[in-house]
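# Working through the structure, step by step
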Amino acid sequence: TEIDHDDDTTTTSYTIKRRQGVRNVAIVAHVDHGKTTLVDELLKVAAASSSKAAASDNNNNSADDAEVDLNRLMDSGDLEKERGITITSKVTRLDYTTNDGKEDYIINVVDTPGHADFAGEVDRILGTVDGVVLVVDAGEGPKSQTKYVLSCALNLGLKPIVVLNKADREESLGRLEGGETELELMDLFEALGADDNQMEYRTLYGSARGGWITEDVDVALKIASDGGVDKDGASSNMSGLLNAILEEIPEPPLHWYGDSSDDEKNLSDYADQPFSMTATTVGMDPYLGRTCTGRIYSGQIKIGEAVTLLKRQSGSDSEAVNNSNGPSSSVTGLFANRGVSRVSLEPAVAYAGDIVTLAGIPETMKVGDTLTSTDNQVPNAIDTPPLAPPTLSCLFGANNGPLAGREGTIVASSRVRARLINETDNNVTLTVELCEADAEKTVVFGRGELQIGILVEQMRREGYEMIITPPQIITSTCPTTGQKIEPYEEVVVDVDSEYSGTVVNALTGSRKGVLVEMVDDAQGKARLKFEIPSRGLLGFGPEVATATRGTAVMHHMYLEDREYAGPIGQGSDRGKLVCNEMGKATLFALESLQARGTLFVAPGEMVYPGMVIGENAKSGDLEVNPVRAKATNNMRTQAKDEKLYLTPPKKFSIEELIGYMSEDEVIEVTPQSVRLRKSELDSGVRERAARSRKKQMDASKAKGGKK
């Protein structure tokens, strides 16, 4: 294929060729459908195949790799291990030798997040691969994030392979026998506009945890009916999936300049081609300096060679920009990722089609930028897929509460802002801007409450103290109609049928949601699908968990921008219990206050005026004194020897508080504590502001009545 690129000064073309012996593939799925466990099994199989090949050559250096603990190896971050989810995309290189031992392949596998808030990690990584392995829970079928990641892959023209995971579970048996999951997948492919080639996808059945996979559904049913044990040995290990990747996923395309012939090229021919590479991950190493991970599209790279940065051009840029004078540097390191370890390439050269990490790149390198050889540059920066826009924003500022500086080491607003700006280097779905209304605050735009909560949790563990204001959904103006528009989301809730009415009432009432689909199954479960403004989802997670006694599982994904839905209620109208004294909360005071509502603090915790210590059982805020102690006088009472019993306080995670807090509240975050408080600590000022707001509302109602 010959592709022309025109600008004001030059006309250049390159030919698409294929690199033999390499495959680049991403593992994509809905959250908790088994992606990371599947990657672990692929690592084990590849390590075992390399060990056998090494043993045949009397070289046992690779044997140690197979003994490494590979249990959820790719979830290497502390928060990923604690929460059991994948937060960032990670690439690992598998050196795979086929079963006959005659052919060696390099398979670059990318593990991607499954949660909608981290969908930007999927957006940026799919441009580096040539196919996807779509993992679907055989017992649950495709979910909201399955639809999102599949639509992204199909739009990029990637070749899919479907793995129906967890096929050995009891709940999967009925759906596999009836073919329900496969039919749902076929409908989903068709609805998303898959072409004829993509519709001819290969389907595998297996269990990542069990370590087996098969193409025969009857074999999968037999294993499932036998309690997940392959008694007949009819299935294979995960080498079956690796072989399917080699057969179905195409070789990576290369940009070949100056030669339009169809001749197959050797690696030695790459030296004359201009080097180009796009960055999907950037970082900073204390010893190696600036690093970037990405895919090489043309040429080759060695340590010591000079590279020049070409900035990414947005699709709206109409003017030709001369990038040839961008910053340059010399490559000081060339690495590949094996598991979560970064190892030096031997020999120290990488070719087009490889996904590698370079060290010593220009300091201004950003995700999506292009690196090219200084002496032999490519004419244009490589196009990278656009990212979906953020849906909400929060203000970050320095902690200005009475306990500021007692628990954290980094409290200045300038340090908080610098840390947020550094986060945008690699977290491409976050955008940071200065706040125009308050110079001490910083505006952070993100995809959802969980993404903001993970960022705050990472910062507090680094010693930062800060406050976060309530989230604001981002609205815009439609260029065609001039109407105000806002983001809408598709919400899927799986819940026990007895609570389906509760969920429908909660989402379709003041939250302005619309019920699109409702399906009941034989197990007493209901699946409800809604379309709802993003504003209507704020704080809904904890509310629905309480209303359904923890049986509801909710997932959502960005749908599109639609006309503004008007004022939206946020569910419960209960007020808060607000502290009016400073000190340590006492058991004596809290025991009497628990009848007023739900408490958020335990005895011994520091409290101060304006801090929210609980939720009022009635509407409106209530000032309370949680530090009151029992009088130590000589008066004898009948209740002097009574024991005090206190219900354990309700604890929120940061992302739950982001959706729970009211408009006049902020979250105070320190390395040791997470507190909810009023933005204005003085109760007198709060009362005057409340009276002023009430007068304004009454006046606007009266004005509307006269009209």
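Residues numbered from 1 in each chain as written. Predicted model: local features only at pLDDT ≥ 70, side-chain atom pairs only at ≥ 80, totals over all residues. Heavy atoms only, no water.

## Regarding the confidence of the model for the chain
Let me state the cut-off plainly: Residue-level confidence of the predictor is what pLDDT reports, using numbers from 0 through 100. In this analysis, two residues are considered to be in contact whenever any of their non-hydrogen atoms come within 4.5 Å of each other.
Overall, the prediction assigns the chain a mean pLDDT of 83, with 87% of residues at 70 or greater. Scored below 50 in pLDDT, residues 58–69 makes 10 contacts in the model with residues more than four places away or belonging to other chains. When the criterion is pLDDT under 50, residues 315–322 qualifies, and its contacts beyond four places in sequence or with other chains add up to 3 contacts.

## Quick word on empty space enclosed by the protein
Definition in use: Cavity means a closed set of points on a 1 Å grid over the protein atoms alone, one where a 1.4 Å probe fits but cannot get out, pocket means an open set with protein on both sides within 12 Å along at least 5 of 7 lines, and lining means a residue has an atom within 4 Å of a point. Grid points are joined across faces, edges and corners, and a volume is the space filled by probe spheres set on the points. Segments assigned H or I by DSSP are reported as helices when at least four residues long, segments assigned E as strands when at least two residues long, and all are numbered from the N terminus.
Under the counting rule described, the total for this entry stands at 2 cavities of 30 Å³ or more. Counted as a void, the largest cavity has a volume near 120 Å³. Along its surface, the largest cavity is lined by Ala-116, Asp-117, Ala-119, Gln-145, Tyr-148, Ala-388, Thr-391, Arg-447, Glu-489, His-556, Met-557 and Tyr-558. Elements with a minimum of two residues in the lining of the largest cavity: α4 (144–155) and β30 (553–563). Tallying contributions element by element places β30 first for the lining of the largest cavity, with 3 residues. Lining the second largest cavity are Val-91, Thr-92, Arg-93, Asn-108, Thr-293, Ala-336, Asn-337, Ile-355, Val-356 and Thr-357. The set of elements that each furnish at least two residues to the lining of the second largest cavity consists of β4 (90–97), β16 (333–338) and β19 (355–359).

## Describing the sheet that holds strand β11 (residues 276–285)
What counts is decided by this rule: Whether two strands pair comes down to DSSP finding at least two bridges between them. Here the axes come from fitting lines to C-alpha atoms, over the contacting stretch only for helices, and the angles between their N-to-C directions go from 0 to 180 degrees.
The strand order across the open sheet built from 8 strands is β15-β14-β20-β11-β12-β19-β16-β17, with neighbouring strands paired in antiparallel fashion. Where the open sheet ends on each side, the last strands, each with one partner, are β15 (328–330) and β17 (341–344). Averaged over all pairs of adjacent strands, the angle between strand axes in this sheet comes to 40 degrees, irrespective of strand direction. With 3 bridges connecting them, β16 and β19 associate as antiparallel partners. If you follow Gly-333 over to β19, its bridge partner there is Ala-359.

## Describing the sheet that holds β4
With mixed pairing, the 7 strands of this open sheet are ordered in space as β4-β5-β3-β6-β7-β8-β9. Edge positions in the open sheet fall to β4 and β9 (212–214), since each of these has one partner strand only. The sheet shows a mean angle of 25 degrees between the axes of neighbouring strands, taken without regard to direction. Relative to β9, strand β8 (residues 202–207) is paired through 3 bridges, and the arrangement is antiparallel. From the neighbouring strand, Gly-206 faces β9, where its bridge partner is Ile-213. Sitting on the sheet, α4 is in contact with β3 (22–29) and β6 (131–137), with an inclination near 165 degrees to β6. The sheet strands contacting helix α6 (residues 180–191) are β6, β7 (159–165) and β8, and the helix crosses β7 at an angle near 155 degrees.

## Some points on the nonpolar core
Stated formally: Here, the term nonpolar core denotes a set of buried Ala, Val, Leu, Ile, Met, Phe, Trp, Tyr and Cys residues that are joined through side-chain atoms within 4.5 Å. Exposure is judged per residue with a 1.4 Å probe applied to protein chains only, and the accessible area is read against the type maximum: over 50% gives exposed, under 20% gives buried, and values in between give partly exposed.
Counting residues in hydrophobic clusters, the biggest one holds 38 residues, and the most contacted among them are Leu-126, Leu-134, Leu-164, Leu-185 and Phe-189. For this core, the element with the most residues is α4, which contributes 6 residues. Look past the residues within four positions of Leu-185 in its chain and what remains in contact with it is Leu-134, Val-136, Pro-142, Val-162, Leu-164 and Tyr-201.

## Here's the deal with the packing of aromatic side chains
Two aromatic rings, taken as a pair, are described by how far apart their centres are and by the angle between their planes. Formally: Pairing of aromatic side chains here covers Phe, Tyr and the six-membered ring of Trp, requires ring centres within 6.5 Å, and sorts the geometry by plane angle: under 30 degrees stacked, over 60 edge-to-face, intermediate tilted.
Applying the stated criterion to the full structure yields 6 aromatic pairs. Ring centres of Trp-256 and Tyr-270 lie 5.4 Å apart, and the angle between their planes is 80 degrees; on these two criteria the pair is classed as edge-to-face. Of the two residues, Trp-256 sits in strand β10 (residues 253–257) while Tyr-270 sits in the loop between β10 and β11, which places them 14 residues apart along the sequence. Residue class for Trp-256 comes out buried when judged on its relative accessible area of 5%.

## Considering the pattern of salt bridges
Going by this rule: Salt bridges, as used here, are contacts in which a Lys or Arg side-chain nitrogen is within 4 Å of a carboxyl oxygen on Asp or Glu.
For the structure on display, the rule yields 40 salt bridges. For the salt bridge of Arg-338 with Asp-95, the shortest nitrogen-to-oxygen distance reads 2.4 Å. With Arg-338 in strand β16 and Asp-95 in strand β4, this residue pair connects regions lying 243 residues apart in the sequence. As a salt-bridge pair, Arg-419 and Glu-462 come within 2.7 Å of each other at their nearest N and O atoms. A residue pair is termed long-range when its members are at least 10 positions apart, and Arg-419 in helix α10 (residues 413–423) and Glu-462 in the loop between α11 (449–461) and β24 (466–468) qualify at 43 residues.

## Side note on unusual backbone geometry
Across the chain, the bulk of peptide bonds are trans and the bulk of non-glycine residues have phi less than zero. Cis peptide bonds are those with omega within 30 degrees of zero, and the linkage from Glu-346 to Pro-347 qualifies with -5 degrees. You can see Pro-347 is positioned in the loop between β17 and β18 (349–351). Look at Lys-166: it is not a glycine, yet its phi comes out positive at around 60 degrees. Positive phi values are uncommon outside glycine, yet Lys-512 reaches one of about 65 degrees. Structurally, the position occupied by Lys-512 is in the loop between α12 (500–508) and β28 (514–520). Assessed through its relative accessible area of 32%, Lys-512 is described here as partly exposed.

## Looking at α12
Condition: What the arc covers is the set of directions going from the helix axis to the C-beta atoms.
Inspection of α12 places Ser-500, Val-503, Val-504 and Leu-507 among the buried residues, and these make up the whole buried set. In a view along the axis of α12, the buried residues occupy a sector of 100 degrees, so they form one face of it. Contacts from the buried residues of α12 go to β27 (484–496), β28, β29 (525–533) and α13 (540–547).

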